[in-house]
Amino acid sequence: MATQPITIVVLSKDLDDFTNIRAALNTDSRAKLISGGNDPEQVHEVVTQHKPSAAIINLGTHGDQAIKLIQRLNQDCPGTAIISAAKETSADLILQSLREGAREFLRLPINAEELKTVLDHIAAFSGKHGKEEKKNGRTITVFSSKGGCGTSFIATNIAASTNARTVLVDLNLESGDLPLFLGVRTKYSFQDLIAHHGSIDDCLISSYVTSCSKNLDLIAAPEEIDPVEKIKPEYVLEALQRLNECYDFVIIDPQHTFDAITLTALDQSTQIILVVTLDLPSIRSAQRTLRMFDRVGYPGEKVRLLLNRWSRQDNLDIPQVEDFLGKSIIGSIPSDYQTVVNSINLGKPLVKSDPRSKVGREIERFTQLISIEDAALEEAKPKRSWSLISKRSRV
Ligand SMILES: Nc1ncnc2c1ncn2[C@@H]1O[C@H](COP(=O)(O)OP(=O)(O)O)[C@@H](O)[C@H]1O
Ligand SMILES: [Mg+2]
């Protein structure tokens, strides 16, 4: 098995010192410098977001700022090994850095032997810590067996309003268009990620996602699907499990069919948001979907009904639909075509571009509701075996 890279972020006010650290790290194939800067605030942000194996903090001439950063990183990022470094510094300052949470001290300019020892220690530290640090995120699939109900719009907006590390996964593998909803250009797709099946890890994930905002990453659908390189459900399962360990929320926008990949996503979900609109074809299709979920054994509380494009002028009313489906509707997003289309054309989630709009406010409220509920459901998450999924792909 290939050794894990040691990812490193550096703080150095002094450019010569930074150049020296970078050059030394380049000589060791394990070390991967992911970011460097002279602003403690920015370094704190990068470290909390990317959780590198180590942060090298040059105590330099602004020792007090460096010590403050060490204190904060020690508290906020327990999985990152903090290494203080300095050219000529008082023993007091070095001691203080160790007391505040630095695990090692590196003398500058860096001596190759010393660096090797420190990298060995970091590798051992992250080996131990990596396992403890794994998240157990929540996976939420926004589904409708009928196209055009607004699932892509809703999945994007839920993902943008979670207030936690979130990845939105476009599993509309043949016609995904989420980069348009988020106004981003993507370099890689889900297909590129699962080409590494068998060895998908957090490093690989961070290189294949597209960052959309501080908390939100996207894994896009492929531009063109290569029919020869079929995407197998077991690869999808592996990718979703790894994503679950890296993010607080994995939000999935799948196809509108019960193909094996969609079933894998639905199985993996702690919650399924079933989107309906107040028209007969949509309600019929929701009824069929609920029956099918029942047949495959999903507990009732795993599936939540969300009404979209709701208007007072609709002939059908909510209690009638709830009666017919035998399930309560827990959110009603009003119909407002202009507002919704504007946000999509702008390439910005509505909850960010127009958070005061009725549609934006209802999605925010709904996201809060399911986030709380989902934490409780996580406890009861069924663990399904692969054979069960493949059997059911013939449903
Ligand atoms: N609450 C809403 N009010 C008005 N129009 C909406 C609403 N939600 C979605 N739409 C519109 O419905 C269309 C389909 O949305 P989309 O998210 O692509 O659906 P799906 O992914 O389910 O096929 C889009 O044109 C979108 O603007
Ligand atoms: Mg869609």
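Just so it is clear, the structure is predicted and the values come from calculations on it, not from any experiment.

1. With respect to the packing of aromatic side chains
One pass over the full model with this rule turns up 5 aromatic pairs. Ring geometry for Phe 143 and Phe 293: centres 6.2 Å apart, planes at 50°, overall tilted. Of this pair, Phe 143 sits in strand S6 (residues 138-143) while Phe 293 is found in helix H12 (residues 280-295), placing the two residues 150 residues apart along the sequence. The exposure class assigned to Phe 143 is buried, which follows from its relative accessible area of 0%. Given a relative accessible area of 2%, Phe 293 falls into the buried group. Between Phe 293 and Tyr 298, the ring centres sit 5.3 Å apart and the planes meet at 50°, which makes this aromatic pair tilted. In this pair, the class of Phe 293 matches that of Tyr 298, namely buried. Here the guanidinium or amino end of Lys 302 rests over the ring plane of Tyr 298, the centre of that ring lying 4.1 Å away.

2. Considerations on a positive patch on the surface
There is a patch of like positive charges on the surface, built from Arg 284, Arg 288, Arg 291 and Arg 295. Tracing the chain through its elements places Arg 291 in helix H12. Taking the relative accessible area as the measure of exposure, Arg 291 reaches 49% and is therefore partly exposed.

3. Re the site of ligand 1
Residues in close proximity to ligand 1 total 19 residues, the closest being Gly 148, Thr 151, Ser 152, Phe 153 and Asn 308. One of the side-chain nitrogen or oxygen atoms of Asn 308 is found 2.9 Å away from a nitrogen atom of ligand 1. Between ligand 1 and Arg 309, the relevant distance is 3.2 Å, taken from an oxygen atom to a side-chain nitrogen or oxygen of the residue. Taking 570 Å² as the accessible area of ligand 1 by itself, protein coverage stands at 85%. Elements represented by at least two residues in the shell around ligand 1 include exactly helix H6 (151-160), strand S12 (303-310), strand S13 (329-334) and helix H14 (337-346). Per element, the largest residue contribution to the shell around ligand 1 is 4 residues, and it comes from H14. Classifying every residue of the shell around ligand 1 by side-chain character gives 9 nonpolar, 8 polar and 2 charged.

4. Examining the packing of helix H2 (residues 40-50) against helix H3 (residues 63-76)
Think of two packed helices as two axes; the pair is described by the angle between the axes and how far apart they sit. Across the interface, H2 lies against H3 with an axial gap of 10 Å and an inter-helix angle of 20°. By the angle between their directions, the pair H2 and H3 is classed as roughly parallel. Crossing of H2 over H3 shows right-handed handedness. Contact with H2, carried on its side by Pro 40, Glu 41, Val 43, His 44, Val 47 and Thr 48, involves Gln 65, Leu 69, Arg 72, Leu 73 and Asp 76 of H3 and no other residues of that element. Partitioning the contact of H2 with H3 into residue classes produces 5 nonpolar, 3 polar and 3 charged.

5. Section: the side chain of Ser 12
Tracing the chain through its elements places Ser 12 in the loop between strand S1 (6-11) and helix H1 (15-26). Here the side chain of Ser 12 touches Asn 58 through a polar contact of 3.0 Å, side chain to side chain. In contact with Ser 12, other than residues within four places in its own chain, are Asp 17, Phe 18, Gly 37, Asn 38 and Asn 58.

6. Quick notes on H3
The first and last C-alpha atoms of H3 sit 20 Å apart over 14 residues, in line with the 20 Å expected at 1.5 Å per residue. Within H3 the residues assigned to the buried category are Gly 63, Ala 66, Ile 67, Leu 69, Ile 70 and Leu 73. Mapping the buried residues of H3 onto a view down its axis gives an arc of 160°, with all of them on the same face. Of the exposed residues in H3, the ones pointing more than 90 degrees away from its buried face are Asp 64, Lys 68 and Gln 75. On its buried side, H3 packs onto S1, H2, strand S3 (54-58), strand S4 (81-86) and helix H4 (91-99).

7. Some remarks on the confidence of the model for the chain
On average, the chain scores 88 in pLDDT, and the residues at 70 or more come to 90%. Considering each helix and strand of the chain separately, the mean pLDDT is smallest for helix H17 (residues 386-392), with a value of 35, and largest for H6, with 98. Low pLDDT (under 50) marks residues 380-395, which in the prediction has 23 contacts with non-local residues, meaning those over four places away or in another chain.

8. Notes on the sheet that holds strand S5 (residues 104-107)
The 5 strands lie next to each other as S2-S1-S3-S4-S5, forming an open sheet whose pairing is parallel. Looking at which strands have only one partner, the edges of the open sheet turn out to be strand S2 (31-37) and S5. Between one strand axis and the next, the sheet turns by 25° as a mean value, whatever way the strands run. In this structure, S4 lies alongside S5, joined through 4 bridges in parallel fashion. Residue Ser 84 lies in a different strand from S5, and its bridge partner there is Phe 105. Contacting S1, S3 and S4, H3 runs over the sheet at an angle of about 165° to S3.

Reading the values: the criteria
- Residues numbered from 1 in each chain as written.
- Chains lettered and ligands numbered in written order.
- Predicted model: local features only at pLDDT ≥ 70, side-chain atom pairs only at ≥ 80, totals over all residues.
- Heavy atoms only, no water.
- Phe/Tyr/Trp six-rings, centres within 6.5 Å; stacked < 30°, edge-to-face > 60°.
- Helix = DSSP H or I, 4+ residues; strand = E, 2+ residues; numbered from the N terminus.
- Buried < 20%, exposed > 50% of the residue type's maximum accessible area, 1.4 Å probe, protein only.
- Lys NZ or Arg CZ within 6 Å of the ring centre and 35° of its normal.
- Patch = residues over 30% accessible without salt bridge, like charges linked within 9 Å, V, L, I, M, F, W, Y side chains within 5 Å.
- Areas by Shrake-Rupley, 256 points an atom, 1.4 Å probe, with all protein chains shown as cover.
- Salt bridge = Lys/Arg side-chain N within 4 Å of Asp/Glu carboxyl O.
- Lys, Arg positive; Asp, Glu negative; His and termini not counted.
- Charge placed at Lys NZ, Arg CZ, Asp CG, Glu CD.
- Near = heavy atom within 4 Å.
- Polar contact = N/O pair within 3.5 Å; in protein donor to acceptor, adjacent residues only side chain to side chain.
- Nonpolar A, V, L, I, M, F, W, Y, C, P; charged D, E, K, R; others polar.
- Axes fitted to C-alpha atoms, helices over the stretch in contact; angles between N-to-C directions.
- Parallel < 35°, antiparallel > 145°, perpendicular 65-115°, else oblique.
- Left-handed = near helix turned anticlockwise from the far one by under 90°.
- Contact = heavy atoms within 4.5 Å.
- Expected span 1.5 Å × (residues − 1).
- Arc of directions from axis to C-beta.
- pLDDT = per-residue confidence, 0-100.
- Pairing = 2+ DSSP bridges.

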